[in-house]
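# Observations on the model geometry
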Amino acid sequence: MSRYFSLSQLQPYTPGEQPRSRDYIKLNTNENPYPPAPAVRNLLNPSAVADLRLYSDPACRGLKEKLAGLYGLTPEQIFVANGSDDILNFVFWGFPGEKGAVFPDITYGFYKVFAGLHQVPYREIPLRADFSLNPRDYYHQKSLIVIANPNAPTGLALTPGEIQGILDTNQDSLVVIDEAYVDFGAESCYPLLSQYENLLVVRTFSKSRCLAGGRLGYALGNPSVIADLERLKFSTNPYALNRLTLALGEATVAEEAYYQKISRKIQKTRENTEKALKSLGFLVIPSLGNFLFARRPGISGENLYQSLKEKAILVRHFPQERIGEYVRITIGTDEQMEKLTAALEEICHENSPD
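Each residue is numbered by its place in its chain's sequence as written, counting from 1. Per-residue local features of the predicted model are confined to residues with pLDDT of at least 70, and side-chain atom pairs are confined, for both listing and counting, to 80 or more; whole-chain, interface and lining totals are unaffected and use all residues. The basis for the side-chain values is all heavy atoms of the structure; hydrogens and waters are excluded.

- In the nomenclature of an unreviewed UniProt entry, the protein chain corresponds to Histidinol-phosphate aminotransferase from the organism Candidatus Faecousia excrementigallinarum.
- UniProt positions are given in the numbering used here, feature names are shortened, and annotations may be inferred rather than shown by experiment. Its UniProt record gives the protein chain a comment under Pathway (unreviewed entry), which states: "Amino-acid biosynthesis; L-histidine biosynthesis; L-histidine from 5-phospho-alpha-D-ribose 1-diphosphate: step 7/9."

## Re the nonpolar core
- By size, the foremost hydrophobic cluster in this structure holds 48 residues, and its most contacted members are L63, L67, V80, Y138, L199, F205 and L220.
- Counting residues per element, the ones that place at least two in this core are α3 (61-71), β2 (78-81), β5 (144-148), α6 (160-168), β6 (175-178), β7 (199-204), β8 (217-221) and α8 (243-253).
- Note on definitions: a residue-residue contact is assigned when non-hydrogen atoms from the two residues lie within 4.5 Å. Leave out the neighbours within four places in its chain, and F205 touches L63, L67, C210, L211, A212, L216, Y218, G249, T252 and V253.
- Grouped together as the second largest cluster of nonpolar side chains are 31 residues, L27, I266, I313 and M337 included. For this analysis, a nonpolar core means a set of buried residues of the types Ala, Val, Leu, Ile, Met, Phe, Trp, Tyr and Cys, connected via side-chain atoms within 4.5 Å. We call a residue buried when its accessible area falls under 20% of the maximum for its residue type, exposed when it is over 50%, and partly exposed in between, using a 1.4 Å probe and counting protein chains only. Here a strand is any run of E in DSSP of at least two residues, a helix any run of H or I of at least four, and the numbering for each starts at the N terminus.

## Some thoughts on the packing of aromatic side chains
- Each pair of aromatic rings taken from Phe, Tyr and Trp, with Trp reduced to its six-membered ring, is defined by centres within 6.5 Å and is described as stacked if the planes are under 30 degrees apart, edge-to-face if over 60, and tilted in the remaining cases. Within this structure, the stated rule accounts for 18 aromatic pairs.
- Relative to F114, the ring of F92 lies with its centre 6.2 Å away and its plane at 35°, an arrangement referred to as tilted. Remark: F114 occurs in helix α5 (residues 110-117) and F92 occurs in helix α4 (residues 84-94); sequence separation between them is 22 residues.
- An aromatic cluster of at least three residues, connected via ring pairs, comprises F92, F103, Y108, F110, Y111, F114 and Y122.

## Side note on α6
- Within α6, the full set of buried residues consists of P160, I163, G165, I166 and L167.
- Looking at the buried positions of α6, the neighbouring elements they touch are β5, β6 and β7.

## Structural notes on the environment of G217
- Position of G217 relative to the elements: it lies in strand β8.
- Contact partners of G217, with chain neighbours within four places excluded, come to F79, V80, A81, G83, S84, I87, R203 and T204.

## Focus on the pairing of strand β4 (residues 122-125)
- The pairing of strand β3 (residues 101-104) with β4 spans four bridges and is classified as parallel. Within the sheet, the bridge partner assigned to P104 lies in β4 and is I125.
- Handedness rule for crossovers: strands pointing away from the viewer, path from the first strand over the helix to the second running clockwise, crossover right-handed. Each parallel crossover has a hand, and for β3 linked through α5 to β4 it is right-handed. Strand pairing follows a simple DSSP-based rule, namely that at least 2 bridges must link the two strands.

## A few points about the sheet that holds β6
- An order of β2-β8-β7-β6-β5-β3-β4 is seen for the seven strands of this open sheet, with the pairing classed as mixed. Of all strands in the sheet, those bounded by a partner on one side alone are β2 and β4. Adjacent strand axes in the sheet meet at a mean angle of 20° when their direction is disregarded.
- For helices, the fitted axis covers only the stretch in contact; all axes are lines through C-alpha atoms, and the angles between them, taken along N-to-C directions, range from 0 to 180 degrees. Sitting on the sheet, α6 is in contact with β5, β6 and β7, with an inclination near 155° to β6.

Structure, rendered in structure tokens:
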């Protein structure tokens, strides 16, 4: 054991439940309810499996070139990794600011974990009472700034114009915008890359691209920042991405129209589900993610979570201060959300004072 740092002090990330039983309606980990595009699924053939005897391309050149074409960037502006969590890990490891790191007090739980893992001092900036983020709270920080946009678990988002103020006032610090959920109604910040060398946009194939099990993420940024991320990758595991995942990623980029259609469908289902929840007396945070954050006065968040689980529906409950009365509900198919609504109607009736 190191005399400088004990691993017993590290508080690991707690992932959402992944039950082995397929009997549950799984609305707890923000997975996409729809399959990848047919052209992507067709890549999983015996020939591709046979090629697993060969190492993958550590430079990920094919996927970088396709992503560069999609975004109008150069391959030198793109970093590819084993999920966006890998990129965030590298960010906290390699880019701590003069005063450490800052991020919201209610956000993706892995930020705090990575800060602890790499012994980076951090400060959590409280969200407003309505869970919105005040951009001015992040001005002149002299710290690594990490913002999920849309935020999780709330689904609220900043505009690129609001993020520009943060970039303008932190030009000597890296500003990371985690866009895991941006395709469900928010606006991406990647067009700002031409103006700001201190911006890193982190994205994933897990949500809108239906590849959570494929473990594929990427970052868009200044070539010098990307080069530093590559140094960290090649100093740890240059073959972190397997051949199948890279091939699936390339095919996915070519099917943009399919995934845009799926995202619009999920947004429509989200709108319908929000209306249904409000009709049952729920208070719902307006979301631009593939999930809703809601509470029902008179029924605790823990009670909602447990009652739904008893009815074979999984949602996510975070028992921390300020949000313990809420549950986060992933948007599934229309049929799944109808079953959720019916179950919640029963729960509300069971908890009615009458």
